[in-house]
Each structure stands twice: as structure tokens, then as C-alpha cells.
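# Results of the structural survey
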Amino acid sequence: MENNTTSNEYVRGTLKTIVLNLLAEHDRMYGYEITQEVKDRTGGAIALTFGALYPVLHKLEQEGLLLTESVEVDGRLRKYYSLTHRGNETARTKTNDLERFIEAVRLLLAPKNLATE
């Protein structure tokens, strides 16, 4: 149980970047598709809830980073999300920032080499 709580804590801090990066790769996606892509690519290690995803999508749209398009599929409206030009730029920046941060954390977590050469 603790593992899941810890994982959720990390996801909350990176969800915006995860969503932007996926949309940059796929041009447009709908909410369920985003949750499944995350689940599939992480082998189930990260499972996004709609309660976490939709507020982030809403916020990104309000910030002018996403466009939405409603399409009727099998008699139901499906809302697709895609990045604006600024959204694509932000996706690149945030992804690069997160990669640098992850690398810095790796350095901090690695055992310190005490051997002198």
C-alpha cells in the first residue's frame, strides 16, 4: 500500500509533463487513451485515475497549451486533446527539465564512490 501512495506522490508532481509528452508523440488523444498508454508503457507501475488526469487536462487547456475537439464515436461524444504550438514547446522544455532532474536524483541516490584514484 505504501508503495502505491509513494508512486502517486511522484505522479502528481510529473503528471503535467507526462501528459504533454504523450500528446507531443501522438498528435491527439482522448482521456481513456492517455490512461491506457501510461499503464501499457509502464507495465502497470503507473495507473492514472481520471480524477487526477482530467483536472490536469483542464488546467493545460486553460493555460493555452491544449486544444480540444469533440467527435461522435458510436453515438457518444469523445473529447480529443492536442497540443497548441506553445504546448509543443512547453512539452519539450518540461520533458528536458524532468530528464535533467531525474539524472540529478540518480546521482544523489547512487552510492558515493569513496575510492581515490
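Residues numbered from 1 in each chain as written. Predicted model: local features only at pLDDT ≥ 70, side-chain atom pairs only at ≥ 80, totals over all residues. Heavy atoms only, no water.

Going by what an unreviewed UniProt entry lists, the chain is known as DNA-binding PadR family transcriptional regulator and is assigned to Dyadobacter fermentans.

Summing up its helical and strand segments, the chain has four helices and three strands in all. With 117 residues in all, the chain has 28% of them scored as buried. Sequence separation of 24 or more characterises 49% of the internal contacts of the chain that already satisfy a separation of 6 or more. Here the chain has roughly 8400 Å² of accessible surface; of this, 52% comes from carbon and sulfur atoms. (Helix = DSSP H or I, 4+ residues; strand = E, 2+ residues; numbered from the N terminus. Buried < 20%, exposed > 50% of the residue type's maximum accessible area, 1.4 Å probe, protein only. Contact = heavy atoms within 4.5 Å. Areas by Shrake-Rupley, 256 points an atom, 1.4 Å probe, with all protein chains shown as cover.)

On to the packing of aromatic side chains. Enumeration according to the criterion identifies two aromatic pairs in this entry. The side chain of Arg28 reaches across the aromatic face of Tyr80, ending 3.8 Å from its centre. Stacked on the ring of Tyr30, the Lys or Arg Arg78 has its end atom at 3.9 Å from the ring centre. (Phe/Tyr/Trp six-rings, centres within 6.5 Å; stacked < 30°, edge-to-face > 60°. Lys NZ or Arg CZ within 6 Å of the ring centre and 35° of its normal.)

Think of an α-helix as turning once every 3.6 residues; residues three or four places apart then point the same way. Along its 13 residues, helix H3 (residues 50-62) runs 18 Å from first to last C-alpha, staying within 8% of the 18 Å computed at 1.5 Å per residue. Note on H3: the residue one or two positions beyond its end, Gly64, has a positive phi of about 80°. (Expected span 1.5 Å × (residues − 1).)

Looking now at the side chain of Thr90. Here Thr90 lies in helix H4 (residues 85-109). Assessed through its relative accessible area of 19%, Thr90 is described here as buried. In contact with Thr90, not counting residues within four places along its chain, are Leu20 and Leu65.

Our focus in this paragraph is the pattern of salt bridges. All told, the structure shown has seven salt bridges when counted by the stated rule. Two residues, Glu69 and Arg28, come together in a salt bridge whose shortest N-O distance is 2.9 Å. Pair noted here: Glu69 is in strand S2 (residues 66-73) and Arg28 is in strand S1 (residues 28-30), with a separation of 41 residues, a long-range link. Of the residues examined, Arg28 reaches a relative accessible area of 35% and is grouped as partly exposed. Two residues, Glu37 and Arg41, come together in a salt bridge whose shortest N-O distance is 3.3 Å. Taken together, the positions of Glu37 and Arg41, both in helix H2 (residues 31-41) and four residues apart, correspond to about one turn of that helix. Judged by its relative accessible area of 19%, Glu37 is buried. If you follow the salt bridges from partner to partner, you end up with Lys16, Lys59 and Glu63 in one network. (Salt bridge = Lys/Arg side-chain N within 4 Å of Asp/Glu carboxyl O.)

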